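What follows is the residue order along each chain.
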Amino acid sequence: MKCPHCGHDQSRVLDTRESGDGIRRRRLCANCDERFTTYEQVSTAVHIVKSDGRREPFDRTKLLNGIRIACAKRPIAMAELERIADQIEEHIHGSGKAEVPSKVIGNMILDRLRTIDPVAYIRFATIYLELPDLEAVQQEINRLVGHS
Ligand SMILES: [Zn+2]
């Protein structure tokens, strides 16, 4: 996504919103600090394939909500969560695939939470990995603190 002002190819997404059949993004150029707008068509909607085989369209809001629940009341800035959602969204749309397993997305979230906030990581892992009991949670914690 090149900046129309200076041609630089790194920009930061300031704002993302649905507009008609596309997604409109406000971007800030990392080089010249000019703002510009890009549109993405969602005609090539990416579907998420769940572990039980069900498919549903990728939904950034839903993704962000899932991360937010895991991070509730943790000292993590909303901007940080937005960044995780952005990275995952970019990965998904950049992959060029029509379908992405939910496992891939879950693992990407886990990867990021692991380094950002261990408590949020454990919360997300408990739900996402469907840890069945305390022992499984304990094992995950051990793995996290490197005792296993
Ligand atoms: Zn620029």
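Structure's up top.
Residues numbered from 1 in each chain as written. Predicted model: local features only at pLDDT ≥ 70, side-chain atom pairs only at ≥ 80, totals over all residues. Heavy atoms only, no water.

> Could you give an account of the overall build of the chain, naming the residues involved and the relevant values?
Within the chain, the secondary structure is distributed over 5 helices and 6 strands. Put simply, the chain runs from its N terminus to its C terminus through helices and strands in the order β-β-β-β-β-α-α-β-α-α-α. Here the C-alpha coordinates of the chain stretch approximately 55 × 35 × 25 Å along the principal axes. Here the chain holds 148 residues, and the buried ones make up 30% of them. At a minimum sequence separation of 6, the contacts of the chain that also span at least 24 residues come to 40%. Per element, the accessible surface of the chain, about 9,400 Å² overall, is 49% carbon and sulfur. Taking the average place of the 23 positive charges on the side chains of the chain and the average place of its 22 negative ones, the gap between the two points comes to 2 Å. (Helix = DSSP H or I, 4+ residues; strand = E, 2+ residues; numbered from the N terminus. Buried < 20%, exposed > 50% of the residue type's maximum accessible area, 1.4 Å probe, protein only. Contact = heavy atoms within 4.5 Å. Areas by Shrake-Rupley, 256 points an atom, 1.4 Å probe, with all protein chains shown as cover. Lys, Arg positive; Asp, Glu negative; His and termini not counted. Charge placed at Lys NZ, Arg CZ, Asp CG, Glu CD.)

> Can you explain the coordination of the zinc ion? Please cite residues and give values.
Only Cys-3 (SG), Cys-6 (SG), Cys-29 (SG) and Cys-32 (SG) from the protein coordinate the zinc ion, and they sit 2.3 to 2.4 Å from it. Here the donor residues of the zinc ion share one chain and are spaced in sequence as C-x2-C-x22-C-x2-C. Take Cys-3: its relative accessible area is 4%, and that puts it in the buried class. You can call Cys-6 partly exposed: its relative accessible area is 35%. (Donors = N, O, S within 2.8 Å, 3.2 Å for Na, K, Ca; no water.)

> An account of the sheet that holds strand E4 (residues 47-49) is requested, with residue identities and associated values reported.
Read across the sheet, 3 strands follow the order E5-E4-E6 without closing on themselves; strand pairing throughout is mixed. Since the sheet does not close on itself, it has two edges, and those belong to strand E5 (55-57) and strand E6 (99-101), each with one partner. Each adjacent strand pair in this sheet contributes to an overall mean axis angle of 30 degrees, direction not counted. Pairing geometry for E4 and E5, over 3 bridges, is antiparallel. Residue pairing across strands places Ile-48 opposite Glu-56, the latter belonging to E5. (Pairing = 2+ DSSP bridges. Axes fitted to C-alpha atoms, helices over the stretch in contact; angles between N-to-C directions.)

Shape descriptors only; they carry no functional weight alone.
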